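# Descriptive analysis of the structure
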Amino acid sequence: MASALQNLSQYDASTVPDASEIIFGIVVAEWNAHITHALYEGCYETLLKHGARPENIHTVQVPGSFELPAGARIVHGQKNPDAVICLGCVIKGETNHNEYINQAVAHGLVNLSLATGKAFIFGVLTTDTEQQALDRAGGKHGNKGVEAAIAAIRMAALKRDLSAPKKKIGF
Ligand code: DLZ
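So, a few notes on the structure that sits alongside this text. Along each chain, residues carry numbers from 1 onward, in the same order as the chain's sequence is written. Where local features are concerned, this predicted model is filtered to residues with pLDDT of at least 70; where side-chain atom pairs are given and counted, the filter is 80 or more; whole-chain, interface and lining totals use all residues. Derived side-chain values reflect all non-hydrogen atoms in the structure, with water molecules and hydrogen atoms excluded from consideration.

### Quick look at the overall build of the protein
A run of H or I in DSSP counts as a helix once it spans at least four residues, and a run of E counts as a strand once it spans at least two, with each numbered from the N terminus. For the protein, the helix and strand inventory stands at five helices and six strands. Traced from its N-terminal end to its C-terminal end, the protein shows the element sequence β-α-β-α-β-α-β-α-β-β-α. Each of the three principal axes of the protein carries a C-alpha extent, and together these read 70 × 35 × 30 Å. The classification of residues rests on relative accessible area computed with a 1.4 Å probe and restricted to protein chains. Under 20% of the type maximum is buried, over 50% is exposed, and intermediate values are partly exposed. Buried residues in the protein amount to 44% of all 171 residues. Contacts are assigned to residue pairs with any non-hydrogen atoms lying within 4.5 Å of each other. Long-range contacts, defined as pairs at least 24 residues apart, comprise 79% of the intrachain contacts of the protein with a sequence gap of at least 6.

Quick look at the structure:
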């Protein structure tokens, strides 16, 4: 399995756009808080590392991952961010609740992205065990919060660059 071999959060920082003018929303699920808070730390630090200003990062918490799309919609409506990062951790249990939650979140965030033309980033760990989640929340496989932050920066910059008026050459 590829993830057994590598830190999944490695990236070339020199290729990441400057985030100083980007407004972010972050929605954090409280379920499995010891993991989602580690995702948040990785996400927040990564945004700052690439120039984001603390006053441009709007964070809210929701009870569980199922509420991430609703939380994202509220943040979008109130703060008009360029991108919204949703962080959660759904661990498989004895029932298949995880499938319902994961699919609902994925569909909800895609629908928000398509309706608004902005990025709603899926930063949700969907693991079989708690250890697999810990490995991806600052453990041996990196931190999905970092990956989510990079995805948000790249998508917001893409929209900004395509909307910017083209510079005229010559006369
Ligand atoms: C109910 C529930 C369960 C069983 N497991 C998780 C989980 O692993 N991760 C998570 O983020 N949330 C879980 N939840 C809570 C639901 O996401 C949701 O908050 C409740 O069903 C209320 O709508």
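So that's the structure; there's more coming.
### Quick look at the sheet that holds strand β4 (residues 119–127)
Spatially, the four strands line up as an open sheet ordered β2-β1-β3-β4, and their pairing is parallel. Each edge of the sheet is formed by a strand with only one pairing partner; in this case those strands are β2 (57–62) and β4. In this sheet, adjacent strand axes meet at a mean angle of 15° when their direction is disregarded. Bridge count for strand β1 (residues 24–29) against β2 is six bridges, and the pairing is parallel. When the sheet's bridge partners are listed, F24 is paired in β2 with I57. Packed onto the sheet, helix α1 (residues 33–49) meets β1, β2, β3 (83–91) and β4 and runs at close to 155° relative to β3. In this description, a line fitted to the C-alpha atoms serves as the axis of each element, helices being fitted only across the stretch in contact, and the angle between N-to-C directions of two axes falls anywhere from 0 to 180 degrees. Together, β1, β2, β3 and β4 form the strand contacts of helix α2 (residues 68–79), whose direction differs from that of β1 by roughly 155°. Here, any two strands with at least 2 DSSP bridges between them count as paired.

### A word on the nonpolar core
Residues enter a nonpolar core if they are buried and are Ala, Val, Leu, Ile, Met, Phe, Trp, Tyr or Cys, with the set joined through side-chain atoms within 4.5 Å. Residues F24, I26, L47, I85 and L87 are the most contacted members of the largest nonpolar core, which totals 29 residues. Elements represented by at least two residues in this core include exactly β1, α1, β3, β4 and α5 (144–163). Looking at this core, the element that brings in the most residues is α5, giving six residues. Not counting residues within four places of it along the chain, the set of residues in contact with I85 comprises F24, G25, I26, V27, C43, L47, I121, A148, A149 and A152. Core analysis: the next-biggest nonpolar cluster, separate from the first, contains 14 residues, V27, V62, C86 and V124 among them.

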